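For reference, the chains in residue letters:
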Amino acid sequence: MPDRPRFYLTTAIAYANNAPGLHTVYEVIGADVIARWRRMIGDEARFLTGTDEHSVNIAQSAEAQGITPKAFVDQKVELFRAAEDELLISPDRFIRTTDPDHYRAAQEMVRRAYDNGDIYPGTYEGWYCPNEGFKAPSDLLETASGMQCPNHPGIPLQWLSERNWFFRLSAYQDRLLAHYDANPDWVQPEYRRNEMLGFIRQGLEDFSISRAGAAWGIPFPIAENGETARREDGSWDPEAGTIYVWYDALINYITGAGFPDDMAAFERWWPADLHVIGKDIARFHTIAWPAMLWSAGLEAPRHVWVHGWLLVQGGERMSKSRGNFLDPHAVVAAFGADGARYVTLREVAFDKDTEVSWDSFVRRYNADLANDFGNLVNRTVSMVNRYLDGERPAPRVAEESPLAEGWADTLRGYRERLDGYLLHDALAELWEFVRGANRTVDAEQPWTLNKQAKAGEADAARRLRDVLGDLVEACRLVGLAVAPFMPAAAPRILGQLGHDYPYAPDGNGGPDVRELLGWGAANAEGRVTSTPEPLFPRVESEVAATPA
RNA sequence: GGCGGAGUAGCUCAGUGGUAGAGCAGGGGACUCAUAAGCCCUUGGUCGGUGGUUCGAAUCCGCCCUCCGCUACCA
């Protein structure tokens, strides 16, 4: 029996210093849709998401609260998990950079880079905040009295240098260019690829991968003399410092595939098929990360998708620190989990920044879900009950049904958009079909056909069954196709139509959905529900008060 | 400064040479199966400015204005 195709995809891991905003879980929702689609088409999907938990900042925040860093991140991680549970996110593993196997993975990667001659001791210089450690130049304020840390304006910064380890990124410039050339679509969208190429062509510098002063991190496994930093009692020599940022965070993707504890699993899952990330960390994922992997004798990921940001009206980036964010909990409370997923992914283009607002979400929910699709299902089920005693007729054969003809185009477009990760466009394809189905109702006027049928007109009776059979089928197909986006609503939709829903809550376990998405693929007759409860109750904007 | 992208109806956007489009929002109408939903019609734009190329430009070229992205060590 041949193996099912596998599909390993990841999100960036979220910095566990705060409660998540919608802009943070946005990419997780999008990746979740891709994972569910893969499961439903029969792939063995592995979906990894999680949290990034080491940094001087986190250690400092914990200290300010009088708790250990681990206790601090444990609290924050629970907030992320709760938000993702509410949104029906379905990770196959939720990875934390404080997980023991991740420590082993990061240390092994450092060792491999060392063995390969790609890391060397050097001197790192920079502005040093006594409270936070070294600060990035882009994260400093230049004032009349000198450089200042934005978080500690009163405290003078020091220009310090320290010994730490550097990764020889410069050695990989040619290989990176060759890789970009040989794999034109490995970074998408294309304009992001071009930005990265431009960066590489400027010339790559080595970057530091350890910090001497930061205790809250993964112990650096090698002492400056090249010997192991592990002491006889099993502890790590603090003199060796800790692994800094990218040789910690990025490694999570291979930890999640089994590296280094379960190399059989790793062989199965690596290289990843897709990293879904935000544009702020594109450079690390598309330049540093492949080089780090090559240095360790591993393959680069197959694809990196760089999504945009949620902007508020006026174009400002949505962010926790600006206080202009949407609270995922409030969005779920207003629209339900399915509605929250739908409006977020329909309103925000997956390939670029988009301005959104609470009002735009309310309008989108009401127009698309309550009015167009929810009402279509409701009126269809209601008419089957009223005119046909609840007995669902089979759809016409595709050659005789105008809706079937439209569906073929819709499905093709939907799948193309999904495969291209243009999730918002994929939904637009489906809703174009929904509009057509609503037009069909008004054009055919089943209520008129019903009166004629009751008056004994056989042609009308036949046409009534044909039309309602087609409409039920249209609802089934949309409900099933949209299941990756609305995983809780899908079984309810099919249930109201009297159809089975053969998938587990995470999308696994059923037949290849592409077979079930054919017109008439589930045409056995049955009964619709006698009391169709509205799937997406209309939201009044007054009720949906301003969030957060 | 360099490279790249964008400025189109109230809003979000599509449209790369041939009489300005969609959805939403607003207005009107006919219907009634339905979540006062759906359907039909409709108001609304000198396509950032300017000068060119062309029989003809939102669409090509020049210049200008505005905004945004990348231009290395933040998670």
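Residues numbered from 1 in each chain as written. Chains lettered and ligands numbered in written order. Predicted model: local features only at pLDDT ≥ 70, side-chain atom pairs only at ≥ 80, totals over all residues. Heavy atoms only, no water.

A. Seen up close, the overall build of chain A. Across its full length, chain A holds 18 helices and 20 strands. Summarising its shape, the C-alpha atoms of chain A cover approximately 95 × 55 × 45 Å along the three principal directions. Every one of the 548 residues in chain A was classed for burial, and the buried ones make up 55%. A sequence separation of at least 24 residues applies to 78% of the contacts in chain A between residues at least 6 apart. Just so you have it, chain A exposes about 23,200 Å², and 46% of that area is on carbon and sulfur atoms. Chain A carries 55 positive and 80 negative side-chain charges, and their two centres are separated by 4 Å. (Helix = DSSP H or I, 4+ residues; strand = E, 2+ residues; numbered from the N terminus. Buried < 20%, exposed > 50% of the residue type's maximum accessible area, 1.4 Å probe, protein only. Contact = heavy atoms within 4.5 Å. Areas by Shrake-Rupley, 256 points an atom, 1.4 Å probe, with all protein chains shown as cover. Lys, Arg positive; Asp, Glu negative; His and termini not counted. Charge placed at Lys NZ, Arg CZ, Asp CG, Glu CD.)

B. Expanded view of the packing of aromatic side chains. With the rule as written, the count across this model stands at 28 aromatic pairs. Between tyrosine 114 and tryptophan 165 the ring centres are 5.8 Å apart and the planes differ by 80°, which places this aromatic pair in the edge-to-face class. On the criterion of sequence distance, the pair formed by tyrosine 114 in helix α4 (residues 100-115) and tryptophan 165 in strand β10 (residues 158-167) is long-range, its members being 51 residues apart. The partly exposed category is assigned to tyrosine 114, whose relative accessible area is 29%. Using a relative accessible area of 5% as the deciding quantity, one classes tryptophan 165 as buried. Taken together, a centroid distance of 5.5 Å and an interplanar angle of 20° make the contact between tryptophan 165 and phenylalanine 220 stacked. Placement of tryptophan 165 in strand β10 and of phenylalanine 220 in the loop between β13 (210-211) and β14 (242-243) is noted, with a sequence separation of 55 residues between them. Of the two residues examined, tryptophan 165 and phenylalanine 220, each falls in the buried class. (Phe/Tyr/Trp six-rings, centres within 6.5 Å; stacked < 30°, edge-to-face > 60°.)

C. Region of interest: the confidence of the model for chain A. On average, chain A scores 92 in pLDDT, and the residues at 70 or more come to 97%. Across chain A, the element-wise mean pLDDT spans from 69 in strand β7 (residues 141-143) up to 98 in helix α8 (residues 252-255). Note that pLDDT drops below 50 for residues 542-548; the model gives that stretch ten contacts with residues more than four away or on any other chain. The ipTM, which scores confidence in the relative placement of chains, is 0.91 for this predicted complex, and the corresponding pTM is 0.94. (pLDDT = per-residue confidence, 0-100.)

D. Structural detail: the pattern of salt bridges. Under the counting rule described, the total for this entry stands at 29 salt bridges. As a salt-bridge pair, aspartate 92 and arginine 39 come within 2.9 Å of each other at their nearest N and O atoms. Separated by 53 residues along the polypeptide, aspartate 92 in the loop between α3 (69-86) and β4 (93-96) and arginine 39 in helix α1 (residues 22-40) bring together distant segments of the chain. Between glutamate 108 and arginine 112 there is a salt bridge, with the nearest N and O atoms lying 3.1 Å from each other. Placement of both glutamate 108 and arginine 112 in helix α4 is noted, with a separation of four residues, approximately one turn of the helix. Overall, the relative accessible area of 25% leaves arginine 112 in the partly exposed class. One connected set of salt bridges, linked through shared partners, spans Glu53, Lys70, Asp74 and Arg96. (Salt bridge = Lys/Arg side-chain N within 4 Å of Asp/Glu carboxyl O.)

E. Representation of the packing of helix α13 (residues 402-419) against helix α14 (residues 423-444). Here α13 crosses α14 at 170°, and the two axes come no closer than 7 Å. Overall, the two elements α13 and α14 adopt an arrangement that is roughly antiparallel. Touching Leu403, Gly406, Trp407, Thr410, Gly413, Tyr414, Arg417 and Leu418 of α13 are Leu423, Asp425, Ala426, Glu429, Leu430, Phe433, Gly436, Ala437 and Thr440, all from α14. For the contact of α13 with α14, a count of residues per class yields nine nonpolar, five polar and three charged. (Axes fitted to C-alpha atoms, helices over the stretch in contact; angles between N-to-C directions. Parallel < 35°, antiparallel > 145°, perpendicular 65-115°, else oblique. Nonpolar A, V, L, I, M, F, W, Y, C, P; charged D, E, K, R; others polar.)

F. A look at the protein's contact with RNA strand B. The environment of RNA strand B is made up of 51 residues, and the closest members are Asp52, Ala136, Gly203, Glu205 and Arg283. Restricting the count to atoms of RNA strand B within 4 Å of the protein gives a sugar and phosphate share of 69%. Here aspartate 52 contributes a side-chain N or O atom positioned 2.5 Å from a sugar or linking oxygen of RNA strand B. Between RNA strand B and serine 208 there is a distance of 3.2 Å, counted from a base oxygen to a side-chain nitrogen or oxygen. Taken together, the elements giving at least two residues each to the surface near RNA strand B come down to α6 (190-201), β12 (207-208), α10 (282-295), β18 (354-355), α12 (358-388) and α14. (Near = heavy atom within 4 Å. Polar contact = N/O pair within 3.5 Å; in protein donor to acceptor, adjacent residues only side chain to side chain.)

G. Structural view of unusual backbone geometry. The linkage connecting glutamine 188 with the following residue, proline 189, adopts the cis geometry, with an omega of -5°. For proline 189, the position within the fold is in the loop between β11 (187-188) and α6. In this model, aspartate 389 sits at a positive phi of 60°, which is unusual for a non-glycine residue. Counting through the fold element by element, aspartate 389 comes out in the loop between α12 and β19 (391-392). Assessed through its relative accessible area of 59%, aspartate 389 is described here as exposed.

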